[in-house]
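What follows is the residue order along each chain.
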Amino acid sequence: MLPATEQPVSQASQQSTEGNCRFCGEALRHIFVDLGMSPLCQSHIELEQLNCMERFYPLRVLVCDRCFLVQLQEYVSPQEIFGEYAYFSSYADTWLEHARRYVDAMIERFKLGQSSQVVEIASNDGYLLQYFVKRGIPALGVEPAANVAAVAVQKGVPTLVEFFGEALARRLAAEGRPADLVVGNNVLAHVPDLNGFVEGLRVLLKPHGVVTMEFPHLSRLVEENQFDTIYHEHFSYFSLWSVEQVFAAHGLAIFDVEELPTHGGSLRIYAGPTVGTVRRVTDSVVELRAREVEAGYTRLEHYFLFGERVRRTKWKILDLLIGLKRQGKSIAGYGAPGKGNTLLNYCGIRTDFLDYTVDRSPYKQGKFTPGTHIPIYPPDKIRQTKPDYILILPWNLKDEIMNQMSYIRKWGGKFIVPIPEVTIYS
Ligand SMILES: [Zn+2]
């Protein structure tokens, strides 16, 4: 028998280790999906680090039974994660086009001009603000990763190397730089101090100001089985229902919403101060709210079905890869995105299945995928080695990638897309 101090902990104390909801503070008791242990998805390994120990953290996602916010505990600080971020937005053509169209639409809709102020939070390499700058509209980026911020500054986009929160918002407002438009694409989900961040949005906005935020939509994650979009950097997984509650608690009302195809299905919400300009709530908000309630996002049981589907998907992916290797086929990866690293680690896919992967970002080339240590080459490697199959890891860009790589069909090469269910495209 174990000594008393080594007895398994009680169910109650195990539950308390899951922490509290980052929005409403309720104790978290329910698992949404458990993807095991994984390293940080952007911590690509250098050649000389291959034999060193790597840090793995739990990828266990919980759901709050009071506000239904789906969330991951903050196992790793944002400083550690985002200090030197490897994702340069400008390497994806479709994302640049998305940004350009957004800028044109916002200038038109909210009548932005030379006396307006636009602030983008997590402005990355200036991929979006560059289009405001070109139109002569004052723009300011806020980006904590110094290496990507430096690229933005070179493009002529003024950028503060900082994390956004209430303190920075108060400083900017006090310096006479309150915003007509605050933009945040793929940042809201990455914020551990959600309440401080959303409070900061309200503080930074002029009374008639508008904030737009894009983030992956929880219902698309669930319905399309996008479990690989779960990673340590991604702390919160929002429905319209849950994000409306968070914004309302900080004096912001969501008046419009768009459903976008980006990142596997995102929402773009439009919000303004509840004490500012009153804006009519669009039908799309009313309709999406109703659709989420109908689908079950305000009932706890609905959240319990996902984990089982994810396990079954893992078995199917491994079935296919094992079958192909038994037939002697060669398989390479395409891309080394964050989502790819969740998939590879959760499924245990290493160089026993994938000979290598390729990525257009020079920052990742010559390195190895975290945890699974698959070498990353420039895309030309595929032309040189002619693999039988290519596993597309950034499946949200699969059409663009299959188009770029269509030459693999010359040697009979085929594409594998793992999500929502593993599919071969010849
Ligand atoms: Zn909660």
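Above this note sits the structure.
What this report covers is the structure whose coordinates are included nearby. (Residues numbered from 1 in each chain as written. Predicted model: local features only at pLDDT ≥ 70, side-chain atom pairs only at ≥ 80, totals over all residues. Heavy atoms only, no water.)

**Let's talk about the sheet that holds strand β13 (residues 357-358)**
With mixed pairing, six strands are arranged side by side in an open sheet as β14-β13-β12-β15-β16-β17. For this open sheet the edge positions go to β14 (376-377) and β17 (423-425), each flanked by a neighbour on one side alone. Pairing analysis gives two bridges linking strand β12 (residues 331-334) to β13, with the strands arranged parallel. Note that in β13 the partner of tyrosine 334 across the bridge is valine 358. (Pairing = 2+ DSSP bridges. Helix = DSSP H or I, 4+ residues; strand = E, 2+ residues; numbered from the N terminus.)

**Considerations on the pairing of strand β2 (residues 57-63)**
Among the seven residues of β2, seven are classified as buried, and the element is accordingly described as predominantly covered. Both strand β1 (residues 30-38) and β2 contribute to a ladder of six bridges, which runs antiparallel. Residue pairing in the sheet places valine 33 in a bridge with valine 61 of β2. Hairpin connection between β2 and strand β3 (residues 70-72): a loop of six residues separates the two successive antiparallel strands, and phenylalanine 68 in this loop has a positive phi of roughly 60°. (Buried < 20%, exposed > 50% of the residue type's maximum accessible area, 1.4 Å probe, protein only.)

**Topic: helix α10 (residues 283-295)**
An ideal rise of 1.5 Å per residue puts 18 Å on 13 residues; α10 measures up with 18 Å between its terminal C-alpha atoms. Of the surrounding secondary structure, the elements contacted by the buried residues of α10 are α9 (240-249), β10 (252-260) and β11 (266-273). One or two residues past the end of α10 sits glycine 296, with phi positive at roughly 115°. (Expected span 1.5 Å × (residues − 1). Contact = heavy atoms within 4.5 Å.)

**Here we look at the environment of leucine 59**
Within the secondary structure layout, leucine 59 lies in strand β2. Judged by its relative accessible area of 2%, leucine 59 falls in the buried class. As for leucine 59 and glutamine 73, which are separated by 14 residues in sequence, their C-alpha atoms are 8.8 Å apart. Leaving out residues up to four positions away in the same chain, leucine 59 has contacts with Val33, Asp34, Leu35, Gly36, Ser38, Leu72, Ile230, Tyr231, His232 and Thr342.

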